[in-house]
Amino acid sequence: ETGVTQSPTHLIKTRGQQVTLRCSSQSGHNTVSWYQQALGQGPQFIFQYYREEENGRGNFPPRFSGLQFPNYSSELNVNALELDDSALYLCASSLTWDRGLHFGPGTRLTVT
Amino acid sequence: DQQVKQNSPSLSVQEGRISILNCDYTNSMFDYFLWYKKYPAEGPTFLISISSIKDKNEDGRFTVFLNKSAKHLSLHIVPSQPGDSAVYFCAAANTGNQFYFGTGTSLTVIP
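Residues numbered from 1 in each chain as written. Chains lettered and ligands numbered in written order. Predicted model: local features only at pLDDT ≥ 70, side-chain atom pairs only at ≥ 80, totals over all residues. Heavy atoms only, no water.

Peer 1: How do you make sense of the sheet that holds strand β7 (residues 64–68) of chain A when you look at a structure like this?
Peer 2: Residue and element names in this part refer to chain A. Taken together, four strands build an open sheet; the order of strands is β1-β3-β8-β7 and the sheet is antiparallel. Across the chains shown, the open sheet's two edge strands, defined by having one partner strand only, are β1 (5–7) and β7. Looking at each pair of strands side by side, their axes are set apart by 20° on average, direction ignored. Two elements, strand β3 (residues 19–24) and strand β8 (residues 74–78), share five bridges in a ladder whose sense is antiparallel. Within β8, the position partnered with Arg 22 by the bridge is Glu 75. (Pairing = 2+ DSSP bridges. Helix = DSSP H or I, 4+ residues; strand = E, 2+ residues; numbered from the N terminus. Axes fitted to C-alpha atoms, helices over the stretch in contact; angles between N-to-C directions.)

Written out as structure tokens, the structure is:
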């Protein structure tokens, strides 16, 4: 069983640029969630996709957008990067809530 | 506004003893609760879940207790092992999709 994978592992961008992060969900999982984890904090919910439709969104501005593809993989796009966007971005796939969200290793984004 | 709180940033326990990690929440609508552990440079790993219709769930060395009236849950690890040393997060949701996480408790199990 293949786990959740994310790419790239690390990324450095300049303020104002755009970035795309990618996630492959665990085999059979049709739901993907994205979380942002700042240093010393717990993960914060960005949004969730279920069968290619957005299925919930946290308190993040519209410059954070996403996609889910027919194979359930997903992208997180962030436009007009700000210094505060520097964080670990975690993707998690799931089937049912009680089996938990299965997280990938994350993408460490640094905005300078 | 932090809806899920883990008030103990760190905890040290001797190997073989019980580790108790605590979590409080403010939203009475939360019905779904998860515990995770996280090692450095890895994503969080799911440990155990509980819904509001239960007050206890057990999986091997891990037991989660839920006290809805107190809006409190705890994770018990018995016996604690050095490999359990990690940061532990609790998370809660009311619909099963948007989980709110605490800030984590760093557990150190001393051999």
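Peer 1: Would you take a moment to explain a nonpolar patch on the surface for this structure?
Peer 2: Residues and elements named next belong to chain B. Side chains of Ile 18, Ile 20 and Val 78 sit close together on the surface and give an oily, nonpolar patch of about 230 Å² of accessible area. Mapped onto the elements of the fold, Val 78 is located in the loop between β8 (72–77) and β9 (86–93). We classify Val 78 as partly exposed; its relative accessible area is 42%. (Patch = residues over 30% accessible without salt bridge, like charges linked within 9 Å, V, L, I, M, F, W, Y side chains within 5 Å. Areas by Shrake-Rupley, 256 points an atom, 1.4 Å probe, with all protein chains shown as cover. Salt bridge = Lys/Arg side-chain N within 4 Å of Asp/Glu carboxyl O. Buried < 20%, exposed > 50% of the residue type's maximum accessible area, 1.4 Å probe, protein only.)

Peer 1: Explain the packing of aromatic side chains here, please?
Peer 2: Following the criterion strictly, the structure yields 13 aromatic pairs over all chains and no others. Between Tyr35(A) and Phe45(A), the ring centres sit 5.6 Å apart and the planes meet at 65°, which makes this aromatic pair edge-to-face. Of this pair, Tyr35(A) sits in strand β4 (residues 31–37) while Phe45(A) sits in strand β5 (residues 44–50), and the two are 10 residues apart along the sequence. On the numbers, 4.9 Å between centres and 45° between planes, the contact of Tyr25(B) with Phe33(B) is tilted. In textbook terms, an aromatic cluster arises when at least three aromatic residues are bridged by ring pairs, as seen for Tyr35(A), Phe45(A), Phe103(A), Tyr36(B), Phe46(B) and Phe101(B). (Phe/Tyr/Trp six-rings, centres within 6.5 Å; stacked < 30°, edge-to-face > 60°.)

Peer 1: Help me out: how do you make sense of the side chain of Asn30(A) in this one?
Peer 2: Residue and element names in this part refer to chain A. One can find Asn 30 in the loop between β3 and β4. By relative accessible area, which is 11% here, Asn 30 ends up buried. Of the polar contacts made by the side chain of Asn 30, one reaches the side chain of Thr 31; its length is 3.0 Å. Beyond its immediate stretch of four places on either side in the chain, Asn 30 contacts Tyr 49, Tyr 50, Arg 51, Gln 68, Tyr 72, Ser 94 and Leu 95. (Polar contact = N/O pair within 3.5 Å; in protein donor to acceptor, adjacent residues only side chain to side chain. Contact = heavy atoms within 4.5 Å.)

Peer 1: What should I look at first to understand the nonpolar core in this one?
Peer 2: Core analysis: the biggest nonpolar cluster contains 23 residues, and Phe33(B), Trp35(B), Leu73(B), Leu75(B) and Tyr88(B) have the highest contact counts within it. For this core, the secondary structure elements donating two or more residues are β3 (19–25), β4 (32–38), β5 (45–51), β7 (62–67), β8, β9 and β11 (105–110) of chain B. Among the elements that take part in this core, β9(B) stands out by supplying four residues, more than any other. Listed in part, the 20 residues of the second largest apolar core include Leu21(A), Cys23(A), Trp34(A) and Leu109(A). (Core = buried A, V, L, I, M, F, W, Y, C linked by side-chain atoms within 4.5 Å.)

Peer 1: Looking at this model, I keep getting lost on the pairing of strand β6 (residues 56–59) of chain B. Mind explaining?
Peer 2: Along any regular strand, the residues point their side chains to alternate faces of the sheet. All names here are of chain B. Taken together, the four bridges between β6 and β7 define a ladder with antiparallel strand orientation. Looking across to β7, one finds that Lys 56 is bridged to Phe 65. Counting the residues that bridge the hairpin from β6 to β7 gives two residues, and of these Gly 60 lies at a positive phi of roughly 65°.

Peer 1: Would you explain the interface of chain B and chain A in this entry?
Peer 2: Accessible area lost on assembly of the parts is the figure often given for the size of an interface. Contacts between the two partners involve 20 residues from chain B, matched on the other side by 22 residues from chain A. Both faces considered, chain B and chain A share a buried interface measuring about 1600 Å² in area, 62% of it formed by carbon and sulfur atoms. Linking chain B to chain A there are two residue pairs in polar contact (both at pLDDT 80 or more). Counting only elements with at least two residues in the side of chain B that touches chain A, the list comes to β4 and β5 of chain B. At five residues, β4(B) tops the list of elements feeding residues into the side of chain B that touches chain A. When its residues are assigned to classes, the side of chain B that touches chain A shows 10 nonpolar, eight polar and two charged. (Buried area = accessible area lost by both parts, 1.4 Å probe. Nonpolar A, V, L, I, M, F, W, Y, C, P; charged D, E, K, R; others polar.)

Peer 1: Mind showing me how you'd approach the pairing of β7(A) here?
Peer 2: Where burial is concerned, the two faces of β7(A) differ: the one with Phe64(A), Gly66(A) and Gln68(A) is buried and the one with Ser65(A) and Leu67(A) is not. Here β7(A) folds back onto β8(A), and the loop between the two strands holds five residues, one of which, Tyr72(A), carries a positive phi near 75°.

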